Amino acid sequence: MQLYLTDTVVDIVYDAFDVAIRIGSLDDSSLICRRLAANDYVVCASPTYLERYGTPEHPEALLGYNCLTALNCEPLREWRFLTDKGEQRISVSGTLSTNNALVMRQAVLDGEGIAMLPRYMVVEDLANKRLTSLFDGQVPANGDIWALYPSRQLLPRRVEAFLELLGEHFAEVV
């Protein structure tokens, strides 16, 4: 098995990939698309960070906190919230901006700040109280998680097995 990780959209037919995982909305395509899960995000922080700096009471208060952001993803630099005033966008900033969600998750666990992370990535941390969710019900959906592949007719068994495994995994964590 080969695993190629990139945030760049690749041409899976031209580059001979069996499957691509994409997050968000999809462009029209001749590829077969299988929805794996909703891509819900959670604004979260460690209990240690919240004890030290306090808990923001409303989204605008985030401007006074250290918010960790993504280098390569606009929705993770300008956070959207659903409020009684409608959708509100808050341009957050902080001491860390990274293109790696695992690095961001670890920084949040280490008490470095507040981040907006995919729910599937922090579901266990939330359940085990290593992280605290903020603004529940106010973070709008951010697209879906998709598996894309070139054809149903010539789908190798290993690819079908992989797609089944992905479906089971996301059913458990989302």
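Rules used in this analysis
- Residues numbered from 1 in each chain as written.
- Predicted model: local features only at pLDDT ≥ 70, side-chain atom pairs only at ≥ 80, totals over all residues.
- Heavy atoms only, no water.
- Helix = DSSP H or I, 4+ residues; strand = E, 2+ residues; numbered from the N terminus.
- Pairing = 2+ DSSP bridges.
- Axes fitted to C-alpha atoms, helices over the stretch in contact; angles between N-to-C directions.
- Domains from an automatic or database assignment.
- Buried < 20%, exposed > 50% of the residue type's maximum accessible area, 1.4 Å probe, protein only.
- Polar contact = N/O pair within 3.5 Å; in protein donor to acceptor, adjacent residues only side chain to side chain.
- Contact = heavy atoms within 4.5 Å.

### A closer look at the environment of serine 30
As for its placement among the helices and strands, serine 30 is situated in the loop between β1 (20-24) and β2 (32-38). A sequence separation of 92 residues divides serine 30 from valine 122, and the C-alpha atoms of the two residues are 33 Å apart.

### Remarks on the sheet that holds strand β10 (residues 144-149)
One open sheet holds the three strands; their spatial order is β1-β10-β2, and the pairing between them is antiparallel. Whereas interior strands pair on both sides, the edge strands pair on one side only; in this sheet they are β1 and β2. Strand-to-strand, the axes of this sheet are offset by a mean angle of 30°, without reference to chain direction. Strand direction decides the pairing type here: β2 and β10, joined by six bridges, are antiparallel.

### Considerations on the domain arrangement of the protein
Split into domains, the protein comes out as domain 1 (20-38 + 143-173) and domain 2 (41-134). Centre-to-centre separation of domain 1 and domain 2, based on C-alpha positions: 28 Å.

### Let's talk about the side chain of asparagine 66
Within the secondary structure, asparagine 66 is located in the loop between α1 (47-53) and β4 (67-70). Taking the relative accessible area as the measure of exposure, asparagine 66 reaches 17% and is therefore buried. Looking at asparagine 66, its side chain comes within polar contact range of the main-chain nitrogen of threonine 95, at 2.7 Å. Beyond its immediate sequence surroundings of up to four residues, asparagine 66 is in contact with Tyr49, Ser93, Gly94, Thr95, Glu112, Gly113 and Ile114.

### Structural notes on the sheet that holds strand β7 (residues 97-98)
Taking strand neighbours across the sheet as the criterion, the five strands line up as β7-β4-β8-β3-β9 in an open arrangement whose pairing is mixed. A single partner strand is all that each edge strand has here, and the edge strands are β7 and β9 (132-134). Of the strand pairs in this sheet, strand β3 (residues 41-45) and β9 are connected by three bridges, and their pairing is antiparallel. By the bridge assignment, cysteine 44 is partnered in β9 with serine 133. Together, β3, β4, β7 and β8 (114-118) form the strand contacts of helix α2 (residues 101-109), whose direction differs from that of β8 by roughly 135°. Helix-sheet contacts for helix α3 (residues 119-127) involve β3, β8 and β9, and the interaxial angle to β8 is about 115°.

### Comments concerning the pairing of strand β5 (residues 78-83)
The alternating pattern of β5 places Trp79, Phe81 and Thr83 on a buried face, while none of Glu78, Arg80 and Leu82, on the opposite face, is buried. Two elements, β5 and strand β6 (residues 86-91), share six bridges in a ladder whose sense is antiparallel. Bridging across to β6, arginine 80 finds its partner in arginine 89. Between β5 and β6, which pair antiparallel and follow one another directly, the connecting turn spans two residues.

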